[in-house]
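Reading the structure
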Amino acid sequence: MRLVVLALPVSLAACIAVPPPMVSDYNGHMVKIVDHPYALGDKYKQSPIYTLAKETCGKEAVYQGMRQINEYQGEHVFLCR
């Protein structure tokens, strides 16, 4: 019975879905993507955020930085080249 009591919170936590990165702004030259509030760093090209930025730009996207929106979200900025 103890196993069931301990397994229940863990199984419920697995049901909480993390939302995917979302484009918040695009003007043809720059794209902003909302996701986690942590900077991507030098290996940004391995991130799903970069993949979305590249698809939105339709060409190369260069990471410029991140602006924290709130405790759980950040806006990542890419320039389209």
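Residue positions are counted from 1 within each chain, in the order its sequence is given. Thresholds applied to this predicted model are a pLDDT of at least 70 for local features of residues and 80 or more for the giving and counting of side-chain atom pairs; totals over whole chains, interfaces and linings are not thresholded and use all residues. Side-chain calculation: all heavy atoms of the structure are included, whereas hydrogens and water are not.

Let's talk about the overall build of the protein
Formally: Counting from the N terminus, the helices are DSSP H or I runs at least four residues long and the strands are E runs at least two residues long. Each residue is assigned to one of three classes by its accessible area relative to the maximum for its type, calculated with a 1.4 Å probe on protein chains only: buried under 20%, partly exposed between the two thresholds, exposed over 50%. Whether two residues touch is decided by their heavy atoms; if any such pair falls within 4.5 Å, the residues are in contact. Methods summary: accessible areas were calculated by the Shrake-Rupley approach with a probe of 1.4 Å, and residue burial reflects only the protein chains presented.
Helix and strand content of the protein: two helices and four strands. Scanning the protein from its N terminus toward the C terminus, one meets helices and strands in the order α-β-β-α-β-β. The proportion of buried residues among the 81 residues of the protein is 27%. Looking at the protein alone, contacts between residues at least 24 apart form 48% of all its contacts between residues at least 6 apart. As displayed, the protein offers around 5900 Å² of accessible surface, 61% of which is attributable to carbon and sulfur atoms.

Re the pairing of strand 3 (residues 61–68)
In plain terms, the rule: Note on pairing: two strands pair once DSSP finds at least 2 bridges between them.
In this structure, strand 3 lies alongside strand 4 (residues 74–80), joined through seven bridges in antiparallel fashion. In the strand pairing of strand 4, Gly-65 is matched with Val-77.

Topic: the sheet that holds strand 1 (residues 22–26)
Note the threshold: Here an angle of 0 to 180 degrees is reported between the N-to-C directions of two axes, which are lines fitted to C-alpha atoms, with helices fitted over the stretch in contact.
One open sheet holds the four strands; their spatial order is 1-2-4-3, and the pairing between them is antiparallel. Each of the sheet's edge strands pairs with one partner strand only, and the pair in question is strand 1 and strand 3. Ignoring strand direction, the axes of neighbouring strands in this sheet form an average angle of 25 degrees. Two elements, strand 2 (residues 30–35) and strand 4, share six bridges in a ladder whose sense is antiparallel. Note on strand 4: the bridge partner recorded for Met-30 is Leu-79. Taken strand by strand, helix 2 (residues 48–57) contacts strand 1, strand 2, strand 3 and strand 4, and its axis lies near 145 degrees from that of strand 2.

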